[in-house]
Amino acid sequence: AQRVTQPEKLLSVFKGAPVELKCNYSYSGSPELFWYVQYSRQRLQLLLRHISRESIKGFTADLNKGETSFHLKKPFAQEEDSAMYYCALSKGGGADGLTFGKGTHLIIQP
Amino acid sequence: DAGITQSPRHKVTETGTPVTLRCHQTENHRYMYWYRQDPGHGLRLIHYSYGVKDTDKGEVSDGYSVSRSKTEDFLLTLESATSSQTSVYFCAISSGTGGTGELFFGEGSRLTVL
């Protein structure tokens, strides 16, 4: 079965510092990977998906199949980046939902 | 935001009481999902639907049932609520093109079972 691991429950960094939220996955096939974000009192929303290779709000993520990782990075953190971040995996093919990691709570200190 | 609404948004109930949560979408998406969100567990899939009257179990389906009689509505029922079902429940929808793809989420329904 597929699995998504986010090793950090909580990550606190200062404004302007680089941010890296880790995500590792296990799946025998070819997955599609996503990052979702949940700001305080808001619904979850898509931040990134690996197939689009876009940079959203300064965040990037590269799928590393050798290390089975999809870490989320931003060179200079901003206070508005404080939120809950979830890494998620789709098995592709069938639309039987996403498997989510447990989430990382990112706090940006002023 | 995608046209997806959940009701009720907040509910407090007692153990043993039946509870139904409703998810309504205006996007005409084929796929609908119910997740629960718990601290330390992230989001876990309860049930999903791939069409009218077509549903399947997710990772944590025990104690839950679902129904989809119309494309736009997906109901989650707790036949006899337990304290372990205290959670925030999220509905999500997807067009399902090429796999699950992007999920669009509702605002969540906070359920407390006393």
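This text follows the structure it describes.
Each chain carries its own residue numbering, running from 1 in the written order of its sequence. Key to labels: chains lettered from A, ligands numbered from 1, both in the order written. Totals for whole chains, interfaces and linings use all residues, but because this is a predicted model, local features are given only for residues with pLDDT of at least 70 and pairs of side-chain atoms are given and counted only at 80 or more. As a convention, hydrogens and water are excluded, and side-chain values are obtained from all of the structure's heavy atoms.

Visitor: Teacher, can you tell me more about unusual backbone geometry here?
Guide: Excluding glycine, residues mostly have negative phi values, and the peptide bonds linking residues are mostly trans. Residue and element names in this part refer to chain B. Omega for the bond connecting Ser7 with Pro8 falls within 30 degrees of zero, at -10 degrees, which places this linkage in the cis form. By secondary structure assignment, the location of Pro8 is in the loop between strand E1 (4-7) and strand E2 (10-13). Even without being a glycine, Lys53 presents a positive backbone phi close to 65 degrees. The numbering of helices and of strands both runs from the N terminus, where a helix is a DSSP run of H or I of at least 4 residues and a strand a run of E of at least 2. Here Lys53 shows up in the loop between strand E5 (42-51) and strand E6 (54-57).

Visitor: Looking at this structure, I do not really get the state of the cysteines. What am I missing?
Guide: In a disulfide, the sulfur atoms of two cysteines are held together by a covalent bond. The disulfide criterion used throughout: a pair of cysteine sulfur atoms within 2.5 Å. The final tally for this structure, using the stated rule, is two disulfides over all chains. The disulfide bridge from A:Cys23 ends at A:Cys87, spanning 2.0 Å between sulfur atoms. Torsion about the S-S bond of the A:Cys23 and A:Cys87 cystine: about -65 degrees, corresponding to left-handed handedness. Here A:Cys23, found in the loop between strand E3 (19-21) and strand E4 (24-26), pairs with A:Cys87, found in strand E9 (residues 83-90); they are 64 residues apart in sequence, far enough to count as distant. Looking at A:Cys23, the relative accessible area reads 0%, which means it is buried. Buried, partly exposed and exposed residues are distinguished by accessible area as a fraction of the type maximum, computed with a 1.4 Å probe on protein chains only: under 20%, between the cut-offs, and over 50%, respectively. The exposure class assigned to A:Cys87 is buried, which follows from its relative accessible area of 0%. One disulfide in the model links B:Cys23 with B:Cys91; its S-S distance is 1.9 Å. One disulfide, between B:Cys23 and B:Cys91, carries an S-S torsion of -75 degrees and so falls in the left-handed class.

Visitor: Please explain the interface of chain B and chain A as it appears in this structure.
Guide: On the side of chain A, 19 residues touch chain B, which itself brings 24 residues to the contact. Note on chain B versus chain A: buried area summed over both sides is about 1800 Å², and carbon and sulfur give 54% of it. Each salt bridge in this description consists of a side-chain nitrogen of Lys or Arg and a carboxyl oxygen of Asp or Glu lying within 4 Å of one another. The shortest N-O distance in the salt bridge between A:Arg43 and B:Glu107 comes to 3.7 Å. Sorting the residues of the side of chain B that touches chain A by element identifies strand E4 (31-38) and E5 of chain B as the ones contributing at least two each. Residue polarity is assigned by list, with Asp, Glu, Lys and Arg as charged and Ala, Val, Leu, Ile, Met, Phe, Trp, Tyr, Cys and Pro as nonpolar; anything else, Gly included, falls into the polar class. Residues belonging to the side of chain B that touches chain A are distributed by class as follows: 11 nonpolar, 10 polar and three charged. Contacts between residues were defined by any pair of non-hydrogen atoms, one from each residue, lying within 4.5 Å. Each of two parts loses accessible area, computed with a 1.4 Å probe, when they are put together; buried area is these two losses added.

Visitor: Would you take a moment to explain the pairing of E4(B) for this structure?
Guide: Two faces belong to every sheet, and in a regular strand the side chains alternate between them. Residue and element names in this part refer to chain B. Where burial is concerned, most of E4 is hidden: eight out of the eight residues are buried. Where burial is concerned, the two faces of E4 agree: the one with Tyr31, Tyr33, Tyr35 and Gln37 and the one with Met32, Trp34, Arg36 and Asp38 are both buried. In short, DSSP must find at least two bridges between two strands for them to pair. With seven bridges joining them, E4 and E5 adopt antiparallel strand pairing. For Trp34, the partnering residue across the bridge sits in E5 and is His47.

Visitor: Is there a simple way to think about the sheet that holds strand E8 (residues 73-78) of chain B in this case?
Guide: Each strand in a sheet pairs with another by means of backbone hydrogen bonds, the pair being arranged parallel or else antiparallel. All names here are of chain B. Spatially, the four strands line up as an open sheet ordered E1-E3-E8-E7, and their pairing is antiparallel. Only two strands of the sheet have a single partner each, and these edge strands are E1 and strand E7 (65-70). Each adjacent strand pair in this sheet contributes to an overall mean axis angle of 20 degrees, direction not counted. Orientation is described by lines fitted to C-alpha atoms, with helices fitted over the stretch in contact, and by angles between N-to-C directions that extend from 0 to 180 degrees.

Visitor: For this particular structure, what's the right way to read the pairing of strand E9 (residues 87-94) of chain B?
Guide: All names here are of chain B. Counting buried residues along E9, eight of its eight residues qualify, which places the element largely inside the surrounding structure. Burial along E9 is two-sided: Ser87, Tyr89, Cys91 and Ile93 and Val88, Phe90, Ala92 and Ser94, pointing in opposite directions, are all buried. Here seven bridges tie E4 to E9, and the two strands are oriented antiparallel to one another. Counted as the bridge partner of Trp34 is Cys91 from E9. Relative to strand E11 (residues 109-113), E9 runs antiparallel, the two sharing three bridges. Bridge pairing links Ser87 to Leu111 in E11. Pairing geometry for E9 and strand E10 (residues 104-105), over two bridges, is antiparallel. Bridged to Ile93 within E10 is Phe104.

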